[in-house]
Amino acid sequence: MMKKFGLPFLLILLSSFLIFNLVSSCNRSNTLHIYNWADYIPEEVIQEFEKEYNCKVVYDTYSSNEEMYSKLKQGGTGYDIVFPSGDHVRMMIKDGMLEKLDLSKIPNIKNIDPIVLSKTTFDPDHEYSIPYMMGTTGIIVNKKFLKNFEKSWSIYERADLKNKLTLLDDMREVFGAALKYLGYSVNSTNPDEIEQAKQVILKWKENIIKFDATTYAQGVVNGEFWAVHGYPENVFQLIPEDERDNFEFFVPKEGGTLWIDSMVILKTSKNKDLAYKFINFILRPEISAKISDFLMIPSPVTDAVNYKEVANIYEISDLENCEIIDYLGDKIDLYNKAWEEIIK
C-alpha cells in the first residue's frame, strides 16, 4: 500500500529539491573544466584565475592530440576549454565540436604577435581558436660529446654519429624534417615528394639508434645520445641550470615544423562565459610571461617580454622558416603507407 505524505512534508521535499538544484547550478556556473596537455601551465596561473574570478578550475590532462580527440569523440563531456594543436583544431571544426567565438569577449587577442597570427592557417580568421603557445621541434645537441656540427638536418647523414642520434617517433614530424631538407612543404601531398622524403628518412635511419618520443630527453642529458630530434622544452627542463651551456638547441637552416596549440571552447561547454574570461586572462602579458617562463619558450603575446624572468631556449623570430603541420584529410594515407615501409 502506498504511504501517504502530508502537505508540509511535500513542501519541505520540494523546497529541498529546488535548493539542491540551485546550489548545483551555482557550482556549475562557478566551475571551469579544462582539458589540457600535462605540465603545460604553472599552477600559480590557475590559482590566480580562481582567486580573481572567485571560481574553481577542474584541470584534467592528456598526453597526445589523439588521446584528447578520441576521448571527446567517445562521449567524454563536461569540459569547457581544450588545447588542441593546429591539425586537430581543423578536425574539430570539421566535426562541429567547437563553439564559434565572439571575439568581442576576448579583447586581449590584440596582444598576440602578428607573426603568430599569420601562422594559424588552420583557422586564419580565429573563428574557433585562439593561440596559446607556438613552438617548434628541432635538434638538441649535447656539446660535451659533440663539439663540431652543422646546423642542418644533414647531421643525420653523419656515419661517425651512428647510434648516437634519435629521431622522434612521430610520422608527421619526421616527414616534415625530411621534406624541409629537400626544400618541400611539410604538408606536401605530392607522391613523388613524399617518396623522396621516404628515401631520405631511410638513409637517416641507418645512423639513428631508434625513433623515440619518450626517452630522448633524458638520454641526451645523460650522454647516452649526442644529438636528438625533439621538443627542446622537454630537454631543458631536465638540465641543471649550471649545465645548460653544455647543450644547444637549433632549428636546422632548411627550416622545420611548427606547432601552435590553441584554446578552444567546446560547443557542449556548460560555462562559456567563464571560458571566455579564462582565454582573455591567459592573453594578458604578465600572465603569458609566467607560462613562457615555465616552459622556457617564447610567448605569443608581444608585450610578455617585459615581464619575463627566464631566458627562452629560442625566439619567435627563429621560427619564421618553420611551417605548421596541417590537416591533410584522406591524403594522410600517402604518409601512412610510406611510414609503415620505414619502420617495418
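Everything here concerns the structure above.
Caption draft 1: Local environment of the side chain of H229. Of note, H229 is situated in strand 8 (residues 227-230). Only 3.2 Å separates the side chain of H229 from the backbone nitrogen of L168, close enough to count as a polar contact. Discounting residues that sit within four places of it in the chain, H229 has contacts with T137, G138, W153, Y156, T166, L167, L168, E173, V174 and Y216.

Caption draft 2: Expanded view of helix 4 (residues 86-94). Turning to helix 4, its buried residues are G86, D87, H88, V89, M91 and M92. Summarising the contacts, the buried residues of helix 4 are in contact with helix 3 (65-73) and strand 10 (256-265). After helix 4 finishes, the residue G96 shows a positive phi value of roughly 70°.

Caption draft 3: Structural view of the nonpolar core. Grouped together as the largest cluster of nonpolar side chains are 78 residues, with contacts concentrated most on F278 and I282. Of the residues forming this core, the biggest block, seven residues, is contributed by helix 10 (residues 272-282). Listed in part, the 30 residues of the second largest apolar core include L165, F175, L179 and I208.

Caption draft 4: Just the sheet that holds strand 5 (residues 138-142), in detail. Across the sheet, which stays open at both edges, the five strands sit in the order 7-6-8-5-9 with mixed pairing between neighbours. Since the sheet does not close on itself, it has two edges, and those belong to strand 7 (208-211) and strand 9 (247-250), each with one partner. Each neighbouring strand pair of the sheet contributes to a mean axis angle of 20°, computed without reference to strand direction. As defined by bridge partners, strand 6 (residues 165-167) adjoins strand 7 across three bridges and the pair is classed as parallel. Note on strand 7: the bridge partner recorded for T166 is K210.

About the cut-offs
Residues numbered from 1 in each chain as written. Predicted model: local features only at pLDDT ≥ 70, side-chain atom pairs only at ≥ 80, totals over all residues. Heavy atoms only, no water. Helix = DSSP H or I, 4+ residues; strand = E, 2+ residues; numbered from the N terminus. Polar contact = N/O pair within 3.5 Å; in protein donor to acceptor, adjacent residues only side chain to side chain. Contact = heavy atoms within 4.5 Å. Buried < 20%, exposed > 50% of the residue type's maximum accessible area, 1.4 Å probe, protein only. Core = buried A, V, L, I, M, F, W, Y, C linked by side-chain atoms within 4.5 Å. Pairing = 2+ DSSP bridges. Axes fitted to C-alpha atoms, helices over the stretch in contact; angles between N-to-C directions.

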